[in-house]
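Given next are the chains, with one letter for each unit.
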Amino acid sequence: MEAPAAAHNPAEPGTEQSGAERSGAERSGTVRIVVESPDEMRELGRRLAKLLRAGDLVMLTGELGAGKTTLTRGLGEGLGVRGAVTSPTFVIARVHPSLVDGPPLVHVDAYRLGGGLDDMEDLDLDVSLPESVIVVEWGEGKVEELTDDRLHLLIHRAVGDTTDEVRHITLTGVGERWAAVDLSAV
Ligand SMILES: Nc1ncnc2c1ncn2[C@@H]1O[C@H](COP(=O)(O)OP(=O)(O)OP(=O)(O)O)[C@@H](O)[C@H]1O
Ligand SMILES: [Mg+2]
């Protein structure tokens, strides 16, 4: 299915879209977003959650402290799930059941796991995916085989400066699931 021409909202603060990037967005489903604080990151998560449904895989890429867990906290709020989203020291995956009759959020931090889905077999992500939203931090090269479709967020921050709260995010929809979704509406 061809993605429809995206409806853009140039007045939206924090979105960064030149004409060139817009046409890119229509072709490949990639949008770029700038957030300027942890609160804005969380709010982005809440907005993104509105697009998500059971069976969706969200991959978060970005260095330590980029804001992956902060964004996931917003996703959890937007989905209306139980329990605080944290970055636990020992738990690799945590299931947050829905409080609103929606899909549970499965939050995976694969930082300490080796490569490939085999190393994650105990988590049974393939079993839970059809009825869950699965969000994975540090999942590159580990969870792609779960499904052909995924929403990928690349979070970038200025290297070295730990006080800079500006984050540049590249949001890409991969696969049929996201082909017709207008990500620029986020
Ligand atoms: N714009 C921003 N978005 C998100 N977090 C920000 C932002 N600006 C500053 N921060 C701070 O950066 C830190 C991000 O921490 P967080 O745990 O979300 O990162 P992470 O990407 O999950 O790291 P890790 O790889 O260790 O799991 C927090 O302390 C947060 O307050
Ligand atoms: Mg984290």
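Everything discussed here concerns the structure shown above.
Residues numbered from 1 in each chain as written. Chains lettered and ligands numbered in written order. Predicted model: local features only at pLDDT ≥ 70, side-chain atom pairs only at ≥ 80, totals over all residues. Heavy atoms only, no water.

Draft legend 1. Layout of the overall build of the protein. Along the protein, the regular secondary structure elements total 5 helices and 7 strands. Moving toward the C terminus, one meets the helices and strands of the protein in the order α-β-α-β-α-β-β-α-β-β-β-α. Here the protein holds 186 residues, and the buried ones make up 41% of them. When the accessible surface of the protein is totalled, it reaches about 9400 Å², and 52% of it is carbon and sulfur. (Helix = DSSP H or I, 4+ residues; strand = E, 2+ residues; numbered from the N terminus. Buried < 20%, exposed > 50% of the residue type's maximum accessible area, 1.4 Å probe, protein only. Areas by Shrake-Rupley, 256 points an atom, 1.4 Å probe, with all protein chains shown as cover.)

Draft legend 2. Representation of the coordination of the magnesium ion (ligand 2). T69 (OG1) and E137 (OE) make up the full set of protein donors to the magnesium ion (ligand 2), lying at 2.1 to 2.2 Å. Taken together, the positions of T69 in helix α3 (residues 68-79) and E137 in strand β5 (residues 133-137) put the pair 68 residues apart, joining distant regions of the chain. The pair formed by T69 and E137 is uniform in burial state, with each residue classed as buried. (Donors = N, O, S within 2.8 Å, 3.2 Å for Na, K, Ca; no water.)

Draft legend 3. Spatial organisation of unusual backbone geometry. Positive phi, normally seen in glycine, also occurs at D124, with a value near 55 degrees. Summarising the element assignment, D124 is placed in the loop between β4 (105-109) and α4 (125-128). Here the phi dihedral of W138 falls at roughly 60 degrees; this positive angle occurs in a residue that is not glycine. In this fold, W138 is placed in the loop between β5 and β6 (150-157). The partly exposed category is assigned to W138, whose relative accessible area is 24%.

Draft legend 4. Structural detail: the environment of A49. For A49, the position within the fold is in helix α2 (residues 38-49). Given a relative accessible area of 4%, A49 falls into the buried group. Note: C-alpha distance between A49 and T72 (23 residues apart in sequence) is 9.4 Å. Setting aside its immediate chain neighbours within four residues, A49 contacts L75, G78 and L79. (Contact = heavy atoms within 4.5 Å.)

Draft legend 5. Spotlight on the site of ligand 1. Residues in contact with ligand 1 amount to 16 residues; listed here are only the nearest, G67, K68, T69, T70 and E165. G65 is positioned such that a nitrogen or oxygen atom in its backbone is 2.9 Å from an oxygen atom of ligand 1. Contacts to ligand 1 include E137, whose side-chain N or O atom sits 3.1 Å from an oxygen atom. Taken by itself ligand 1 offers 640 Å² of open surface, and the protein chains cover 75% of this. Listed by contribution, the elements that provide at least two residues to the shell around ligand 1 are α2 and α3. Tallying contributions element by element places α3 first for the shell around ligand 1, with 3 residues. Residues of the shell around ligand 1, tallied by class, amount to 6 nonpolar, 5 polar and 5 charged. (Near = heavy atom within 4 Å. Polar contact = N/O pair within 3.5 Å; in protein donor to acceptor, adjacent residues only side chain to side chain. Nonpolar A, V, L, I, M, F, W, Y, C, P; charged D, E, K, R; others polar.)

Draft legend 6. Up close: the packing of aromatic side chains. For the structure shown, the criterion picks out 1 aromatic pair. For the pair Y111 and W138, a centre-to-centre distance of 5.0 Å together with 55 degrees between the ring planes defines the contact as tilted. Of the two residues, Y111 sits in the loop between β4 and α4 while W138 sits in the loop between β5 and β6, which places them 27 residues apart along the sequence. Judged by relative accessible area, Y111 falls into the partly exposed class, the value being 43%. Above the plane of the ring of W178 lies R177, whose end atom (NZ or CZ) is 4.0 Å from the centre. (Phe/Tyr/Trp six-rings, centres within 6.5 Å; stacked < 30°, edge-to-face > 60°. Lys NZ or Arg CZ within 6 Å of the ring centre and 35° of its normal.)

Draft legend 7. View of the pairing of β5. Across the 5 residues that make up β5, a large majority, 5, are buried. Every second residue of β5 is oriented toward a common face, with V133, V135 and E137 on one face and I134 and V136 on the other, all of them buried. Across 4 bridges, the pairing between strand β2 (residues 57-61) and β5 is parallel. The partner of M59 across the bridge, within β5, is V136. Judged from the 5 bridges that link them, β4 and β5 form a sheet pairing that is parallel. Note on β5: the bridge partner recorded for L105 is V133. (Pairing = 2+ DSSP bridges.)

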